[in-house]
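# Structure assessment
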Amino acid sequence: MLSLPFILNLKMEIQLHDKHFVPFISADELDSAIAKMAKQISKDFQEEVPVFIGVLNGAFMVVSDFMKHYKNPCELSFIKMASYDGMETTHEVKQLIGLNQDLTGRSVVIIEDIVDTGNTIEELHKLFADKNLKQLKFATLFLKPEAYKKDIKIDYIGIEIENKFIVGFGLDYDGLGRNLSEVYQLK
Ligand SMILES: O=P(O)(O)OC[C@H]1O[C@H](OP(=O)(O)OP(=O)(O)O)[C@H](O)[C@@H]1O
Ligand code: HPA
């Protein structure tokens, strides 16, 4: 006979396309990590109005929850970048929707759902280099330290995770899984 934990575990496992995923990070843990980042960032930007830039598609949920936790004046915009095909990076980061705002003299905080290889934030770093910003900072809900090989400083990190593929809370596997309110890890 199967034990109860085994049955519960089977129930919680999900399948997206051909892959199976298991529960990894709960909605409560995600919310606490985002609230902590919002608190840190508001402390660092008390004297000014930062411009937050969310990186679509993946960051839409993080940004939405982050904004609810950020209580000081701020502005928000989005940029759309993509490089992943299924579970693999293509190493070519494309800008799919750009910014049309003058950011001269502004403090900009890029908000990412995940920094993995760092290819995307490297491209963003280049993209903002000639925008005459006051400062550029990077915030990410997830960082995979074993995969990240770039020199760019990541100023605000929610949760460090091992180098395994995850889905949920904005992150997808080949288009699916973005609407999950918890994060799942590849089985
Ligand atoms: O550090 P990296 O290896 O560059 O990976 C991080 C990027 O990968 C994902 O985007 P993706 O290119 O899959 O596009 P999406 O946001 O539309 O899913 C994620 O949202 C990050 O932007
Ligand atoms: O682990 C991941 N999951 C989903 N999308 C991603 N983009 C980079 N890393 C990941």
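Residues numbered from 1 in each chain as written. Chains lettered and ligands numbered in written order. Predicted model: local features only at pLDDT ≥ 70, side-chain atom pairs only at ≥ 80, totals over all residues. Heavy atoms only, no water.

The protein chain appears in an unreviewed UniProt entry as Hypoxanthine phosphoribosyltransferase from Flavobacterium hankyongi. Recorded in UniProt for the protein chain, the comment headed Cofactor (unreviewed entry) runs: "Mg(2+)". Its UniProt record gives the protein chain the following Subcellular location (unreviewed entry) comment, quoted word for word: "Cytoplasm". (UniProt positions renumbered as here; feature names shortened; annotations may be inferred.)

## With respect to the nonpolar core
Core analysis: the biggest nonpolar cluster contains 28 residues, and Ile-41, Phe-66, Leu-141, Phe-142 and Phe-169 have the highest contact counts within it. Secondary structure elements with two or more residues in this core: α2 (27-44), α3 (60-69), β6 (107-115), β7 (135-143) and β8 (156-160). The element best represented in this core is α2, accounting for six residues. Core analysis: the next-biggest nonpolar cluster, separate from the first, contains 19 residues, Val-51, Ile-79, Leu-103 and Ile-152 among them. (Core = buried A, V, L, I, M, F, W, Y, C linked by side-chain atoms within 4.5 Å. Buried < 20%, exposed > 50% of the residue type's maximum accessible area, 1.4 Å probe, protein only. Helix = DSSP H or I, 4+ residues; strand = E, 2+ residues; numbered from the N terminus.)

## Notes on the side chain of Asp-116
Mapping Asp-116 onto the fold places it in the loop between β6 and α4 (119-128). Separated by 2.9 Å, the side chains of Asp-116 and Lys-144 make a polar contact. What Asp-116 contacts, discounting residues up to four positions off in sequence, is Tyr-84, Lys-144, Ala-147, Tyr-148 and Asn-163. (Polar contact = N/O pair within 3.5 Å; in protein donor to acceptor, adjacent residues only side chain to side chain. Contact = heavy atoms within 4.5 Å.)

## Here's the deal with the pattern of salt bridges
In this structure the tally under the stated criterion is twelve salt bridges. Across the pair Glu-48 and Lys-134 runs a salt bridge, and its minimum N-O distance is 3.4 Å. Here the residue Glu-48 occupies a position in the loop between α2 and β3 (51-56), and Lys-134 occupies one in the loop between α4 and β7, the gap between them amounting to 86 residues. Given a relative accessible area of 53%, Lys-134 falls into the exposed group. For Lys-153, the salt bridge is made with Asp-155, and the minimal N-O distance between the two is 3.6 Å. Here the salt bridges share partners, and the residues they tie into one network are Lys-137, Lys-153 and Asp-155. (Salt bridge = Lys/Arg side-chain N within 4 Å of Asp/Glu carboxyl O.)

## Observations concerning unusual backbone geometry
The omega torsion of the bond from Leu-56 to Asn-57 falls at 0 degrees, within 30 degrees of zero and hence cis. Within the secondary structure, Asn-57 sits in the loop between β3 and α3. Within the chain, Asn-132 stands out as a residue other than glycine whose phi angle is a positive 50 degrees. Among the secondary structure elements, Asn-132 is positioned in the loop between α4 and β7. The phi angle at Phe-169 is positive, at roughly 50 degrees, despite the residue not being glycine. In this fold, Phe-169 is placed in the loop between β9 (166-167) and β10 (183-186). We classify Phe-169 as buried; its relative accessible area is 6%.

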